[in-house]
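# Per-entry structural report
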Amino acid sequence: MKQQMFLLILFVFSAIIGNSQAIEIGQKVPDVVLQQIINYEKPTLKLKDFKKKLVLLDFWGTGCKACIRGFPKMEALQKAFNDQIQIVLVNNESRDSTLRFFERRKSIPMPTLPMVTGDSILSSFFPHLFVPLHVWLDEDGIVRYITDSYNATAGNIRKFLDGKAPELSRMAYVANPYFSSLWDVVKDSSRQQQVYSYTLLTPWY
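I will try to describe carefully the structure that is included in this document.

## A short note on the state of the cysteines
- Within the structure shown, the criterion is met by one disulfide.
- Residue Cys64 pairs covalently with Cys67 via a disulfide, S to S 2.3 Å. Since a negative S-S torsion denotes a left-handed disulfide, the Cys64-Cys67 link at about 85° is right-handed. Accessibility assignment for this pair places Cys64 and Cys67 in one class, buried.

## Some details on the nonpolar core
- Ranked by size, the top nonpolar core spans 23 residues in total, and within it Trp60, Met74, Leu77, Ile87, Leu89, Phe102 and Ile157 carry the most contacts.
- Where this core is concerned, the elements lending two or more residues are β2 (54-59), α2 (65-69), α3 (71-81), β3 (85-90), α4 (95-104) and α6 (154-161).
- No other element matches the four residues that α3 contributes to this core.
- If near-sequence neighbours (up to four positions away) are discounted, Met74 is found in contact with Leu56, Asp58, Ile87, Leu113, His134 and Ala152.

## Describing the pairing of β2
- Here β2 lies mainly inside the structure; six of its six residues are buried.
- Residues Leu54, Leu56 and Asp58 of β2 are buried on one face, and the alternating residues Val55, Leu57 and Phe59, pointing to the opposite face, are buried as well.
- In this structure, β2 lies alongside strand β5 (residues 133-137), joined through five bridges in antiparallel fashion. Paired with Asp58 across the strands is His134, a residue of β5.

## Observations regarding the packing of aromatic side chains
- The full count for this structure, using the stated rule, is nine aromatic pairs.
- Taking the centre distance of 6.3 Å and the plane angle of 65° together, the rings of Phe59 and Phe126 count as edge-to-face. Separated by 67 residues along the polypeptide, Phe59 in strand β2 and Phe126 in the loop between α5 (121-125) and β5 bring together distant segments of the chain.
- Given a relative accessible area of 1%, Phe59 falls into the buried group.
- Of the residues examined, Phe126 reaches a relative accessible area of 1% and is grouped as buried.
- Geometrically, the ring pair formed by Phe101 and Phe102 is edge-to-face, given 5.2 Å between the ring centres and 80° between the ring planes. The exposure classification of Phe101 matches that of Phe102, with both residues buried.

## Quick word on α4
- Among the residues of α4, Thr98, Phe101 and Phe102 are the ones counted as buried. Down the axis of α4, the smallest arc covering the buried residues is 90°, so these residues share one side.
- Looking at the packing, one finds that the buried side of α4 touches β1 (37-38), α2, α3 and β4 (115-116).

## Side note on the pairing of β3
- A large share of β3 lies buried, amounting to six of its six residues.
- Across the two faces of β3 the burial is the same, with Ile85, Ile87 and Leu89 and Gln86, Val88 and Val90 all buried.
- In this sheet, β3 lies alongside β2 in parallel orientation, the contact comprising six bridges. Note that in β3 the partner of Leu56 across the bridge is Ile87.
- Examined bridge by bridge, β3 and β4 share two bridges and lie parallel to one another. Along β4, the bridge assignment pairs Leu89 with Met115.

What counts and what doesn't
Residues numbered from 1 in each chain as written. Predicted model: local features only at pLDDT ≥ 70, side-chain atom pairs only at ≥ 80, totals over all residues. Heavy atoms only, no water. Disulfide = S-S within 2.5 Å. Buried < 20%, exposed > 50% of the residue type's maximum accessible area, 1.4 Å probe, protein only. Core = buried A, V, L, I, M, F, W, Y, C linked by side-chain atoms within 4.5 Å. Helix = DSSP H or I, 4+ residues; strand = E, 2+ residues; numbered from the N terminus. Contact = heavy atoms within 4.5 Å. Pairing = 2+ DSSP bridges. Phe/Tyr/Trp six-rings, centres within 6.5 Å; stacked < 30°, edge-to-face > 60°. Arc of directions from axis to C-beta.

Below you can see the structure in the form of structure tokens.
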């Protein structure tokens, strides 16, 4: 039994770090065509549709209460910054399943933000175990931050748009948790980050 559990852990860990498509901070996201789109003027969506804007990819799931509770905030941010930013919701459940989720739960208003459903492409670029997860893309489609939803605030967005470093806090997700990269974080005091804990199944610091 212990051997089987070890093999399972090894398999999960390998799947996370072995994804050759994974994109890291500082890299550009390929201009792929995304299908199963909700709340958008076109049946497909390309990230280049939002060029010259800050794009926030908000990965969520129907079983994530924090994600759902965050929808009103995300919509308010979109409204506040209007055409300077574009927030895109992303989940891996099918379009029909996502629509049924909101139809059956009248107490949860369906967001009006563009939504990518049935996703496998963006999740392969940004492999993760937990949601909500936010990816910040600059006006050229380059990944600037991979972090959690608490950092999506009006103050941080304004700083980003003004060319200043936003004050990100709480947990930041390690997209490719190689131990060498983790050690770089520990030894680089200029980044002012401290590793509190790190496990194979939950690659957070």
